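As a plain string of letters, each chain reads:
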There are 2 protein chains.
Amino acid sequence: MDLIEGLAVKNDRKILLVVLDGLGGLHGNGKTELESACTPNLDKLAAKSELGLLTPIEAGITPGSSAAVLALLGYDPLQHRVGRGLLDALGVGLDVGVGDLCCHVNLATTGPDGRVVDRRAGRVPTTLSEQLCICLQTAIPQIRDVAVTVRTVCEHHLVVVFRGPDLSDLVSDSDPISDGVMPRKVEALGPPAVRSAQLVNEFIQAASRVLGAEPSANFVLLRGFGQMPDVRSMPERFKLKPACVAAYPMYRGLAKLVGMEVLETGDTWESEVQTAHKHKSEYDFFLLHFKETDKAGEDGELEAKQELIEQFDEEILPQLLALKSDVLCITGDHSTPAVMGVHSWHPVPMLLSSPYVRPQVLVGEFGERTCACGDIGNLRSCRLMGLLLAHGLKLRRFGA
Amino acid sequence: MDLIEGLAVKNDRKILLVVLDGLGGLHGNGKTELESACTPNLDKLAAKSELGLLTPIEAGITPGSSAAVLALLGYDPLQHRVGRGLLDALGVGLDVGVGDLCCHVNLATTGPDGRVVDRRAGRVPTTLSEQLCICLQTAIPQIRDVAVTVRTVCEHHLVVVFRGPDLSDLVSDSDPISDGVMPRKVEALGPPAVRSAQLVNEFIQAASRVLGAEPSANFVLLRGFGQMPDVRSMPERFKLKPACVAAYPMYRGLAKLVGMEVLETGDTWESEVQTAHKHKSEYDFFLLHFKETDKAGEDGELEAKQELIEQFDEEILPQLLALKSDVLCITGDHSTPAVMGVHSWHPVPMLLSSPYVRPQVLVGEFGERTCACGDIGNLRSCRLMGLLLAHGLKLRRFGA
């Protein structure tokens, strides 16, 4: 039993954790996306909140999405490694069993020399992706004695699940992460995974034959192999009744994994907020996840990311405040600076509002550099949950 | 051998660690108790000191007193769990042996339905508490083959020590911590403690019969079971000759546990400072502990706490500066915001003065929010000792 689990008690206070995916940024013209954005509501809230920076994993470590969100939910990603493929499989509603091997798949474009031209195949429309998925599923129902299930997540994102004897997720990715280079061969990272690596490479070969004639999505890149881990749930550890409001399947899968109720919601911010309002009396912890800021960052769209933050400030935040949670935390899961166009290691600005904060009166703005002067300091993301529970008066005293 | 122990060297430099119990606070009218207090001497010192915040245990974790002070002395409370009862027993001068089971006892008031009306029985005067203690000791000299020793610590605080075969401190508390609820039954937290739990429950029943006719202190609440742990002393770990100046028994007990010399002193601040002056040439590390600020916080007396801080600033600090220690650190063991009336998880302001500081030149005030911007950042309390030794030039270089 960990420290928090030994101290957690149930009460009626409500905690709302709002995650703007990839919120943290870097300076474009001297200011980050968040600092450049006109955010009067966030700034007003910051002046009566505690501020700090969250480090998703450790200093200098750039997280994948699932590791970053897992940390925010109180699970140290260095202890709980969850393959993205597992989360995608759960997110699209596949029934994953113990021993199944799940993997995230990018539809990608390769050139005549085999090099990756576009890792996202121009962000294939979901409708086309679904057609290609049916082709793959029909052509590759199984490999040797292993059943294969392929599903579209959205756009160029697919998920594949292998079900059969003696599978292992100790295999390397084929996705080289960069364009302009050759896809990698999947390799076993340990003796128990030799057969799994062979099976996966056979799947990649078979898929490339099926897709070979496609003009754009002519190849598959695999990364994030995973099997079901053994984690204690949020209700067990934190005595919470937690709900997740997220449109994007992976986050829904992650939420299921840690025992959250996953609420039906639409894929707009507006719809997510309505979902939270509708169910507000039923749960004592809400995770609201907004994906779009990260997409803008990954696409290098500095102004688009800034405008999304402004939209959040003007349209969404007032509705979140109307939920009247006892504890409100607004942060990101990681940084995705538009000037870099990828996830980065930079710590993420974080704002915490409750009746028990020490407001940073000298600060009138919510931004990376004001948060660096905050009372909370620089905190590992996986420690945030302890702080949220404390502000909800949900932790007993430690020690004599 | 830990990192610090491997690097520590002896020299003549003197370190003075001043602990204002429960120093950290929350905003009343926008400012904390410390920020509201008029503290020209502390502010002047802060301008030429390094500032930071101390987190007693981990983010969000509210510490008990012993865990918090243990951390300040360089012992990670997550590794060294010390039951409060053990500290009380040492503090009142009981001769505790290996295997003895010690426990803190609150004299409390329960109503006709058995619920706790006042966990502190109106803070029973020590004289009455001592009379009741004699009644308990006379009526309950032993339970089965286990000898029972009961002593008053002060006011409603008692300590009980059980001496006999096969005792274990793996038992739960009976103190429910809140008023208005039933006391808990003491339960074994593991098979070796089943008999200990039975013995303790029998003691509670016997004590309730002895006290039943009392108008106020008619019940006992037990918490903080502990046995003597195996810790390496401060002289062994830090090559220090340390002395403790504290009026309150628990802190004296804690000091003995880690190998400090406990100096005879009166129970006023003035008396404590005189004690430090009298012995200043004999030791190279002094812990000065002032309890009253915590009491004011626990009683919700915002102005009283503020006035005590002002009294410290005006009367005590000049005398402490006259000690001319090479390293002076002023902090608290934890926060006790008067607006909450209990210990809290909030980090504690800390000031460190030595010839080797980076002064916070932009800061002219000692307060929670100026400390949040300090050079030291937000440090776990158990890391403070390393910093104090460093400023005393008592640590060798690490690594080649």
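Just so it is clear, the structure is predicted and the values come from calculations on it, not from any experiment.

Student: Is there a simple way to explain the overall build of chain A in this structure?
Tutor: Secondary structure assignment for chain A yields 14 helices and 14 strands. In summary, chain A has a C-alpha radius of gyration of 21 Å against a globular reference of 21 Å for 400 residues, a match within 12%. In terms of its C-alpha atoms, chain A occupies a principal-axis envelope of roughly 60 × 50 × 40 Å. Each of the 400 residues in chain A was classed as buried or not, and the buried ones make up 56%.

Student: What am I meant to see in the interface of chain B and chain A here?
Tutor: Where the parts come together, the accessible area they lose is often given as the size of the interface. With 36 residues of chain B in contact, the opposing surface of chain A contributes 22 residues. Mapped onto the side of chain B that touches chain A, the elements with two or more residues apiece are helix H4 (65-72), helix H5 (84-91), strand E8 (219-226) and helix H13 (368-372) of chain B. Looking at the side of chain B that touches chain A element by element, the count peaks at 3 residues for H13 of chain B. Across the side of chain B that touches chain A, the residue classes break down as 16 nonpolar, 15 polar and 5 charged.

Student: Explain the sheet that holds strand E11 (residues 285-290) of chain B here, please?
Tutor: Strand pairing in a sheet relies on backbone hydrogen bonds, with the paired strands running either antiparallel or parallel. Residue and element names in this part refer to chain B. Pairing is mixed across the open sheet formed by 8 strands, whose spatial order is E10-E9-E11-E1-E12-E13-E2-E14. Where the open sheet ends on each side, the last strands, each with one partner, are strand E10 (261-262) and strand E14 (378-380). Across 5 bridges, the pairing between strand E9 (residues 242-246) and E11 is parallel. Across the sheet, Cys244 pairs through a bridge with Leu287, a residue of E11.

Student: Can you help me understand helix H10 (residues 269-278) of chain A in this one?
Tutor: Because each turn of an α-helix spans 3.6 residues, side chains separated by three or four positions end up pointing in the same direction. Residues and elements named next belong to chain A. Of all the positions in H10, only Trp269, Glu272, Val273, Thr275 and Ala276 are classed as buried. For H10, the buried positions fall inside an angular range of 155° around the axis, keeping them on one side. With respect to the buried face of H10, the exposed residues turned more than 90 degrees away are Glu270 and His277. Looking at the buried positions of H10, the neighbouring elements they touch are strand E9 (242-246), strand E11 (285-290) and helix H12 (302-321).

Student: Teacher, can you tell me more about the environment of Ser49 of chain B here?
Tutor: Examined against the element boundaries, Ser49 of chain B turns out to sit in the loop between helix H3 (40-47) and strand E2 (50-55). Here the alpha-carbon distance between Ser49 of chain B and Leu73 of chain B, two residues 24 residues apart in the chain, equals 20 Å.

Student: Mind showing me how you'd approach the domain arrangement of chain A here?
Tutor: Residue and element names in this part refer to chain A. For chain A, the assigned domains are domain 1 (3-82 + 232-391) and domain 2 (86-226). Computed from C-alpha atoms alone, the centre-to-centre distance between domain 1 and domain 2 is 30 Å. With 9 residues of domain 1 in contact, the opposing surface of domain 2 contributes 10 residues. Class assignment for the residues of the side of domain 1 that touches domain 2 results in 5 nonpolar, 2 polar and 2 charged.

Student: What is the right way to look at the environment of Gly64 of chain B in this model?
Tutor: For Gly64 of chain B, the location among the structural elements is in the loop between E2 and H4. We classify Gly64 of chain B as buried; it has 26 C-beta atoms within 10 Å. For the pair formed by Gly64 of chain B and Gly83 of chain B, sequence separation is 19 residues and the distance between their alpha carbons is 9.9 Å. Ignoring anything within four residues of it in the chain, the contact list for Gly64 of chain B reads Arg397, Phe398, Gly399 and Ala400 of chain A together with Arg84 of chain B.

Student: I keep staring at the pairing of strand E6 (residues 146-154) of chain A and nothing clicks. Help me out?
Tutor: Side chains on a regular strand alternate between the two faces of the sheet. All names here are of chain A. In terms of burial, E6 is largely enclosed, as 8 of its 9 residues are buried. With 2 bridges joining them, strand E5 (residues 142-143) and E6 adopt antiparallel strand pairing. Looking across to E6, one finds that Ile143 is bridged to Val146. Between E5 and the antiparallel strand that follows it, E6, lie 2 residues; Arg144 among them carries a positive phi value of about 50°. Here E6 runs beside strand E7 (residues 157-163); their pairing, made up of 7 bridges, is antiparallel. In the strand pairing of E7, Cys154 is matched with His157. Here E6 hands over to E7 after 2 residues, with Glu155 in that stretch at a positive phi of 50°.

Student: Please explain the relation of the copies chain B and chain A as it appears in this structure.
Tutor: Comparison of the two chain copies shows a relationship of rotation about an axis with a shift along it. Least-squares fitting of chain B to chain A yields an RMSD of 0.2 Å, with the transformation described by 0.2 Å of translation along the axis and a rotation of 127°. A different interface surface on each copy is seen, since only 6% of the contact residues of chain B are contact residues in chain A too.

Student: How do you make sense of unusual backbone geometry when you look at a structure like this?
Tutor: Peptide bonds are trans in most cases, and residues, glycine excluded, mostly fall at negative phi. Non-glycine residue Glu155 of chain A carries a positive phi angle of around 50°. In this fold, Glu155 of chain A is placed in the loop between E6 and E7. Located in the positive-phi region is Arg123 of chain B, a residue other than glycine, with phi close to 50°. For Arg123 of chain B, a count of 16 C-beta atoms within 10 Å corresponds to the partly exposed category.

Student: I would appreciate a short explanation of H5 of chain B in the present structure.
Tutor: All names here are of chain B. Of all 8 residues in H5, 8 are buried; the element is thus mostly enclosed. Those residues of H5 lying buried are Arg84, Gly85, Leu86, Leu87, Asp88, Ala89, Leu90 and Gly91. Where H5 is buried, its residues contact H4, strand E3 (101-110), strand E6 (146-154), strand E7 (157-163), E8 and helix H9 (249-257). Looking one or two places after H5, you find Gly93, whose phi comes out positive at around 90°.

Student: Just to check I follow, could you spell out the environment of Ala207 of chain B for this structure?
Tutor: All names here are of chain B. Looking at the element boundaries, Ala207 is found in helix H7 (residues 194-211). Look at Ala207 and you get buried, because 25 C-beta atoms sit within 10 Å. With 72 residues separating them along the chain, Ala207 and Cys135 place their C-alpha atoms 9.3 Å apart.

Student: Would you mind showing me how to read the sheet that holds E11 of chain A here?
Tutor: All names here are of chain A. If you walk across this open sheet you meet the 8 strands as E10-E9-E11-E1-E12-E13-E2-E14, and the pairing is mixed. The open sheet has two free edges, formed respectively by strand E10 (261-262) and strand E14 (377-380), since each of these has just one partner strand. Alignment of strand E2 (residues 50-55) against strand E13 (residues 348-353), held across 5 bridges, turns out to be antiparallel. Bridge pairing links Leu53 to Pro349 in E13. Here H10 sits on the sheet in contact with E9 and E11, set at roughly 175° to E11.

Student: It is not clear to me how the confidence of the model for chain A should be interpreted in this structure. Could you clarify?
Tutor: Counting all residues, the mean pLDDT for chain A is 94, and 99% of those residues have values of 70 or more. Scoring the predicted complex yields pTM 0.84 and, for the interface, ipTM 0.82.

Student: Help me out: how do you make sense of the pairing of strand E12 (residues 327-331) of chain B in this one?
Tutor: All names here are of chain B. Counting buried residues in E12 gives 5 out of 5 residues, a clear majority hidden from the surface. Side-chain alternation along E12 places Val327, Cys329 and Thr331 on one buried face and Leu328 and Ile330 on a second face that is also buried. Sheet topology note: the E12/strand E13 (residues 348-353) ladder contains 4 bridges and is antiparallel. What sits directly across from Thr331, in E13, is Met350.

Student: I keep staring at the packing of H3 of chain B against helix H12 (residues 302-321) of chain B and nothing clicks. Help me out?
Tutor: Packed helices, taken two at a time, are described by the angle their axes make and the gap between the axes. All names here are of chain B. Relative orientation of the contacting elements H3 and H12 amounts to 55°, with a least axis distance of 8 Å. Relative to H12, the element H3 lies oblique. For the pair H3 and H12, the contacting residues are Pro40, Asn41 and Leu42 in the first and Asp313, Leu317 and Pro318 in the second. Class assignment of the residues belonging to the contact of H3 with H12 gives a composition of 4 nonpolar, 1 polar and 1 charged.

Student: Explain the packing of helix H6 (residues 126-139) of chain B against H7 of chain B here, please?
Tutor: Residue and element names in this part refer to chain B. For the pair H6 and H7, the least separation of the axes is 10 Å and the interaxial angle reads 125°. One finds that H6 runs oblique with respect to H7. Where H6 crosses over H7, the handedness of that crossing is right-handed. Residues Leu132, Cys135, Leu136 and Ala139 of H6 lie in contact with H7, whose contacting residues are Ala206, Ala207, Val210 and Leu211. When its residues are assigned to classes, the contact of H6 with H7 shows 8 nonpolar, no polar and no charged.

Calculation notes
Residues numbered from 1 in each chain as written. Chains lettered and ligands numbered in written order. Predicted model: local features only at pLDDT ≥ 70, side-chain atom pairs only at ≥ 80, totals over all residues. Helix = DSSP H or I, 4+ residues; strand = E, 2+ residues; numbered from the N terminus. Rg over C-alpha atoms; globule rule 2.2 N^0.38 Å. Buried ≥ 20, exposed ≤ 12 C-beta atoms within 10 Å, placed from the backbone. Contact = placed C-beta atoms within 7 Å. Nonpolar A, V, L, I, M, F, W, Y, C, P; charged D, E, K, R; others polar. Pairing = 2+ DSSP bridges. Arc of directions from axis to C-beta. Domains from an automatic or database assignment. Least-squares fit on C-alpha atoms with pLDDT ≥ 70 in both. Axes fitted to C-alpha atoms, helices over the stretch in contact; angles between N-to-C directions. pLDDT = per-residue confidence, 0-100. Parallel < 35°, antiparallel > 145°, perpendicular 65-115°, else oblique. Left-handed = near helix turned anticlockwise from the far one by under 90°.

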